[in-house]
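A closer look at the structure
Listed here are the chains, written in short residue letters.
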Amino acid sequence: MLQAQGQAGQLDPSFAGKGWTYIDFLKGNFYSETGEEILLDKDGSYIAAFQIEGRTLLTRYLSDGTRDIRFGVNGYSEDANVGVRAAALQSDGKIVVGGLTFDENTSETHFSLVRFTANGFLDKTFGDSGQVITAFPGNSSFLTSLAIQEDGKIVAAGRVQDLEANRSDDAIVRYNPDGTLDQSFGGDGIVTNNFGNPNDVAIQQDGKIVIASSASNPEVPNNLDIAVIRYNPDGSLDASFSGDGRATADINRFELTNTIAIQADGRIVVAGITEIPQSDSDIENYDFLLVRFHTDGSLDEGFGGDGSVVTNFNLGFEIDEIIRDIVIQTDGKIVAVGEVEPRSTELRSDFAIARYNPNGSLDNSFSGDGRVITNFGELYSTTANSVIVQANGKIVALGTATERNIETRDIAIARYNPNGSLDNSFSGDGKLLDFYLAGRSEVTAIAVQQDGKVVVAGSASISDFVIARFKPNGLLDSAFGNDGVTIISFSDHAVEATSLAIQSDGKIVVAGQGTSRGEFDIAIARIHPDGTLDNSFDRDGQLITNIGSNDFATDMAILENGKIIIVGNTDSNTADILLVQYNPDGS
């Protein structure tokens, strides 16, 4: 970023209109992203939360699938130091993201919340510059879900793991709207119990907090059951729910709860997977599972006949079908999304969606049998992690696409019409594969020409020299290079620029180092004032100089006679100061 100062240290608005400007030297798909959560904004746009190299970013899509470049910077929020697991939209448009943050000092992970403004920037009024970290000393903690109450308080649920004691507890934390712990909840804002593994949280209209979990059955080894825990608004267990605040459902030998939703009538729907033995085989597959409870914690036998519904997509043995998220439509129908995942790595996984009538039967008006499988091409294995339903009944699912040959991940989104068909008004075919269109660049040197134009040099993702020139008003100088930017590649070295100087004739010299076969050498290039390489300098405008085993250029000066001096370091045997002088022709 370039920044110009006016009087008394104030930003100079005559420079790029605001005193600063920036440029991404090179853009491309350089990262692996996982799409974690999709939120429906009031204007009908979608906010997607995704994780990239352990950090979180948001992007916003318009209803046609194009990115909203008005959001954040070029459609992306600021990045935040949190691995996203959940996200929620406040009534004022602010976005809360929860997950975990790694503590390098203790090697522990902690509950972490970040809040963004409605336009994609960190909300400095929340916690410490937009982030709140809650540590459980001596233990690692993992935030798995969050929900926002009507009063703006934030409820987060997850696990606290004591590795030494080989114990894992569930934890619920409630925060005030400013990010401080809510002392009216559990006495200090935190409630812990040992009831299972919380995976999702929902808030009832009366303010009671409902946790979807999985609990072990002490009577059956290696068994997990569906578990639901309900708390009063003060953090105490709600004894009116199944007698002690806890309800369980044992459907088969193994169940795992992933998500929860509360119907308008207060009944509670939890969803995940159950393990089903296959006939004439020792193989057990995972199938979609939904369980519904009455408001008192008893199973709702009007749902599927016994309170539960198991769905198989009829794809054969050794294919798991996993629910990741559910949403309840205004007509009471339930939409579940996840994936069909073959256990063979040679086969791809695909988005899987099912819609159910309020009684738990599959809705045959949705794709004929209530079930839809969507693939994004043979190259991609996809998982749907989050779902929303628009006011017009269209369904939007977000997840992750993994390119199977190279194991890179991108964001995957699909939109469906109410009848289950793909909505071709979204991204042309109803499907969108997207990635973080990033410029991985670094500016390391700057100089000002006599005419006031600003020249900067640095390096880009493909390890080239990159030089850009700006006019005095902060706009890129289109007379220089390609629309203001010149990229210089060295055939057998990956290079990075560290210094820049302008000769009296206006030619620009850039120096740094290049690496090849594990060793570093001095790298230099000279360009004309228009940004083209100067072939009078070492015949092609660039050169590599090897002095020792590793040579680094840190600065440069141009003498009155046109000779170029490079200063740096070399470590042939020990790290020594290095001075190299070149004639004007590069010799």
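Above: the structure in question.
Residues numbered from 1 in each chain as written. Predicted model: local features only at pLDDT ≥ 70, side-chain atom pairs only at ≥ 80, totals over all residues. Heavy atoms only, no water.

Some thoughts on the environment of Ala 553
Test applied: A run of DSSP states H or I qualifies as a helix once it reaches four residues; a run of E qualifies as a strand once it reaches two. Both are numbered from the N-terminal end. We call a residue buried when its accessible area falls under 20% of the maximum for its residue type, exposed when it is over 50%, and partly exposed in between, using a 1.4 Å probe and counting protein chains only. Whether two residues are in contact is decided by their heavy atoms, any of which lying within 4.5 Å being enough.
Within the secondary structure, Ala 553 is located in strand S40 (residues 551–558). Relative accessible area serves as the criterion here: at 2%, Ala 553 is assigned to the buried category. When the C-alpha positions of Ala 553 and Asn 569 are compared, they lie 6.7 Å apart, and in sequence the two are 16 residues distant. Sequence-distant contacts of Ala 553, defined by excluding residues within four places in its chain, comprise Thr 498, Gly 512, Gln 513, Ile 522, Ile 566, Val 567 and Gly 568.

Quick word on the packing of aromatic side chains
Where we set the bar: Pairing of aromatic rings covers Phe, Tyr and Trp, the last through its six-membered ring, and needs centres within 6.5 Å; plane angles under 30 degrees mean stacked, over 60 mean edge-to-face, and all others mean tilted. A ring is considered to have a charge above it if a Lys NZ or an Arg CZ atom is located within 6 Å of its centre and within 35 degrees of its normal.
Going through the model one piece at a time under the given rule, you end up with eight aromatic pairs. Between the aromatic rings of Phe 50 and Tyr 76, the centroid separation amounts to 6.5 Å while the plane-to-plane angle is 75 degrees, which identifies the pairing as edge-to-face. Taken as a pair, Phe 50 in strand S5 (residues 46–52) and Tyr 76 in the loop between strand S6 (55–61) and strand S7 (83–89) lie far apart in primary sequence, 26 residues in all. No difference in accessibility class separates Phe 50 from Tyr 76, as the two residues are buried. Note on Phe 111 and Phe 136: the rings are 5.6 Å apart at their centroids and 65 degrees apart in plane angle, and the pair reads as edge-to-face. With a gap of 25 residues between them, Phe 111 in strand S9 (residues 108–116) and Phe 136 in the loop between strand S10 (131–134) and strand S11 (140–148) connect regions that are remote in the sequence. Of the residues examined, Phe 136 reaches a relative accessible area of 10% and is grouped as buried. It is Lys 431 that lies over the ring of Phe 376; its NZ or CZ is 5.7 Å from the centre.

Considering the environment of Phe 465
Along the chain, the position of Phe 465 falls in strand S34 (residues 465–470). A residue is classified by how much of its surface remains accessible, and Phe 465, at 0% relative accessible area, is buried.

Some details on the sheet that holds S40
We apply this condition: Should DSSP find at least two bridges between two strands, the strands are taken to pair. Lines fitted to the C-alpha atoms define the axes, with helices restricted to the stretch that makes contact. Angles between their N-to-C directions range from 0 to 180 degrees.
The strand order across the open sheet built from three strands is S40-S41-S42, with neighbouring strands paired in antiparallel fashion. Bordering the open sheet on either side are S40 and strand S42 (576–582), each of which pairs with just one other strand. Going from strand to strand, the sheet's axes swing by 25 degrees on average, the running direction of each strand aside. As paired elements, S40 and strand S41 (residues 564–570) share seven bridges and run antiparallel to each other. Paired with Asp 551 across the bridge in S41 is Thr 570.

Let's talk about the sheet that holds S6
Spatial ordering of the open sheet is given by S4-S5-S6, a layout of three strands whose pairing is antiparallel. Each end of this open sheet is capped by a strand with a single partner; those strands are strand S4 (33–40) and S6. Put simply, the sheet's adjacent strands are angled 25 degrees from each other on average, direction ignored. Across seven bridges, the pairing between S5 and S6 is antiparallel. Within S6, the position partnered with Ile 52 by the bridge is Arg 55.

Re the pairing of strand S23 (residues 319–328)
Moving residue by residue along a regular strand, the side chains alternate between the two faces of the sheet. Taken across its ten residues, S23 has nine buried, putting it largely inside the fold. Pairing analysis gives nine bridges linking S23 to strand S24 (residues 334–342), with the strands arranged antiparallel. Residue pairing across strands places Asp 325 opposite Val 337, the latter belonging to S24.

A look at the environment of Phe 376
On the secondary structure map, Phe 376 appears in the loop between strand S26 (371–374) and strand S27 (380–389). Since its relative accessible area comes to 9%, Phe 376 is described here as buried. Along the sequence, Phe 376 and Ala 414 sit 38 residues apart, while their C-alpha atoms lie 9.3 Å from each other.

Looking at the nonpolar core
Let me state the cut-off plainly: Among buried residues, those of type Ala, Val, Leu, Ile, Met, Phe, Trp, Tyr and Cys that are joined through side-chain atoms within 4.5 Å constitute a nonpolar core.
Formed by 18 residues in total, the largest nonpolar core has its most connected members in Phe 288, Leu 290, Ile 323, Ile 326, Ile 334 and Tyr 356. When residues of this core are traced back to their parent elements, those giving at least two are strand S20 (268–277), strand S21 (284–293), S23, S24 and strand S25 (350–356). The biggest single contributor to this core is S23, with four residues. Not counting residues within four places of it along the chain, the set of residues in contact with Ile 326 comprises Thr 259, Ile 260, Ala 261, Val 269, Ala 271, Ile 334, Val 335, Ala 336 and Val 387.

A word on the pairing of S24
In terms of residue burial, S24 counts as a mostly covered element, since eight of its nine residues are buried. Between S23 and S24, which follow one another and run antiparallel, lie five residues, and Gly 332 among them has a positive phi close to 90 degrees. As judged from the seven bridges shared by S24 and S25, these two strands associate in the antiparallel manner. From the neighbouring strand, Glu 339 faces S25, where its bridge partner is Phe 351.

Points about the pattern of salt bridges
Put simply, the rule is: The term salt bridge refers to a pairing of a side-chain nitrogen on Lys or Arg with a carboxyl oxygen on Asp or Glu at a separation within 4 Å.
Applying the stated rule across the entire model yields 27 salt bridges. Ionic pairing is found between Arg 70 and Asp 68, a salt bridge with its closest N-O pair at 2.8 Å. Residue Asp 68 is classed as buried on the basis of its relative accessible area, which comes to 2%. When the shortest N-O distance is used, the salt bridge between Arg 267 and Asp 300 registers 2.8 Å. Of this pair, Arg 267 sits in the loop between strand S19 (255–262) and S20 while Asp 300 sits in the loop between S21 and strand S22 (308–311); the two residues are 33 residues apart in sequence, bridging distant segments of the chain. You can call Asp 300 buried: its relative accessible area is 4%. Within this structure, Asp 41, Arg 60, Asp 68 and Arg 70 form a network of salt bridges that share partners.

Examining the side chain of Lys 153
Definition in use: Polar contacts, as used here, are pairs of N or O atoms within 3.5 Å; protein pairs need one atom able to donate a hydrogen and one able to accept it. Residues neighboring in sequence count only if both atoms are side-chain atoms.
Assignment of secondary structure puts Lys 153 in the loop between S11 and strand S12 (154–162). A residue is classified by how much of its surface remains accessible, and Lys 153, at 16% relative accessible area, is buried. One polar contact links Lys 153 to Asp 182, side chain to side chain, over a distance of 3.1 Å. Those residues in contact with Lys 153, other than ones at most four positions away along the chain, are Ala 147, Ile 148, Arg 174, Tyr 175, Asn 176, Pro 177, Asp 182 and Ser 184.

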